[in-house]
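What follows is the residue order along each chain.
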Amino acid sequence: MNPFVGVSKKSVPELLDLIAKLATEPSYYFLRWTHEVSKDWKIEPTETDFPMIEGQMFNQKCELRWKQKRKDSYEVLLLSVAGEYSDFASVGEDWQTQERDAHLYSSTETRFPKGFPSKKLDIAQRYFIDKKTATVHFVALTVKK
């Protein structure tokens, strides 16, 4: 594993290209608007889904998070175990990761939005830890192998 944390600014077409480039099977997508959240986590976003407030994609290799800054401009955070990405500015210097189980709650609890993938999925959390300070800076969703 080669942990990498980076940030970038992307237009909608650039963001959609990046999502397609980083998607592996299985990948899950969670999109947020002011009035609703995505219902099916398996459907990749398209141009018609924009503008949205924020979203995320996660799979075994990475979690990608984006947040709208202007009408067609998004700030993007990449939490990856697949090495560096040249079009991202590196955050931090020396990362280690630790994977832990994610505990899903019953459908009557509101900890996850409706439409969260079924319990049969093997969802985990990946902690991104600064090696120098042993501080957890990011917790990403991931899919167990």
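Quick look at the structure, then. Quantities reported herein were computed from a predicted structural model and do not represent experimental measurements.

With respect to the overall build of the protein chain
- Helix and strand counts for the protein chain stand at 1 helix and 9 strands.
- Reading the helices (α) and strands (β) of the protein chain from amino to carboxyl end gives β-α-β-β-β-β-β-β-β-β.
- Among the 145 residues that make up the protein chain, the fraction classed as buried is 41%.
- Counted over contacts in the protein chain with a minimum sequence separation of 6, partners at least 24 positions apart contribute 57%.
- Counting every atom, the protein chain has about 8,600 Å² of accessible surface; 49% of that belongs to carbon and sulfur.

Brief notes about the nonpolar core
- By size, the foremost hydrophobic cluster in this structure holds 21 residues, and its most contacted members are L64 and W66.
- Looking at this core, the elements that each hand over two or more residues are helix 1 (12-22), strand 2 (28-32), strand 4 (62-70) and strand 5 (73-80).
- When residues of this core are assigned to their parent elements, the largest contribution, 6 residues, is made by helix 1.
- Apart from the residues within four sequence positions on either side, L64 is in contact with L15, L18, I19, L22, G55, Q56, M57, V76, L77, L78 and F88.
- Of all hydrophobic cores here, the second largest spans 8 residues; its members include Y28, F58, A102 and V143.

As for the side chain of S73
- Here S73 shows up in strand 5.
- Exposure remark for S73: the relative accessible area of 15% places this residue in the buried category.
- Residue contacts for S73: discarding those within four places in its chain leaves K10, K67 and Q68.

Thoughts on the sheet that holds strand 3 (residues 54-58)
- On the basis of which strands lie adjacent, the open sheet formed by 6 strands has the order 2-3-4-5-1-6 and antiparallel pairing. Edge positions in the sheet fall to strand 2 and strand 6 (89-90), since each has one partner strand and no second.
- Alignment of strand 1 (residues 4-11) against strand 5, held across 8 bridges, turns out to be antiparallel. Bridge pairing links F4 to S80 in strand 5.
- Together, strand 1, strand 2, strand 3, strand 4 and strand 5 form the strand contacts of helix 1, whose direction differs from that of strand 1 by roughly 140 degrees.

What about the side chain of T142?
- When you line up the elements, T142 lands in strand 9 (residues 135-143).
- Of the polar contacts made by the side chain of T142, one reaches the side chain of R126; its length is 3.1 Å.

Here's the deal with the packing of aromatic side chains
- This structure, assessed with the given rule, holds 6 aromatic pairs.
- Ring geometry for F30 against W41: centres 4.6 Å apart, planes inclined by 35 degrees, an arrangement best described as tilted. Taken as a pair, F30 in strand 2 and W41 in the loop between strand 2 and strand 3 lie far apart in primary sequence, 11 residues in all. For the pair formed by F30 and W41, the shared burial category is buried.
- Geometrically, the ring pair formed by W95 and F138 is tilted, given 5.9 Å between the ring centres and 55 degrees between the ring planes. With W95 in strand 7 (residues 95-101) and F138 in strand 9, this pair connects stretches of sequence that are 43 residues apart.
- A relative accessible area of 9% means that W95 is categorised as buried.
- Taking relative accessible area as the criterion, F138 reaches 19% and is therefore assigned buried.
- Connected via pairs of aromatic rings, a cluster forms that spans Y28, F30, W41 and F58.

Parameters and conventions
- Residues numbered from 1 in each chain as written.
- Predicted model: local features only at pLDDT ≥ 70, side-chain atom pairs only at ≥ 80, totals over all residues.
- Heavy atoms only, no water.
- Helix = DSSP H or I, 4+ residues; strand = E, 2+ residues; numbered from the N terminus.
- Buried < 20%, exposed > 50% of the residue type's maximum accessible area, 1.4 Å probe, protein only.
- Contact = heavy atoms within 4.5 Å.
- Areas by Shrake-Rupley, 256 points an atom, 1.4 Å probe, with all protein chains shown as cover.
- Core = buried A, V, L, I, M, F, W, Y, C linked by side-chain atoms within 4.5 Å.
- Pairing = 2+ DSSP bridges.
- Axes fitted to C-alpha atoms, helices over the stretch in contact; angles between N-to-C directions.
- Polar contact = N/O pair within 3.5 Å; in protein donor to acceptor, adjacent residues only side chain to side chain.
- Phe/Tyr/Trp six-rings, centres within 6.5 Å; stacked < 30°, edge-to-face > 60°.

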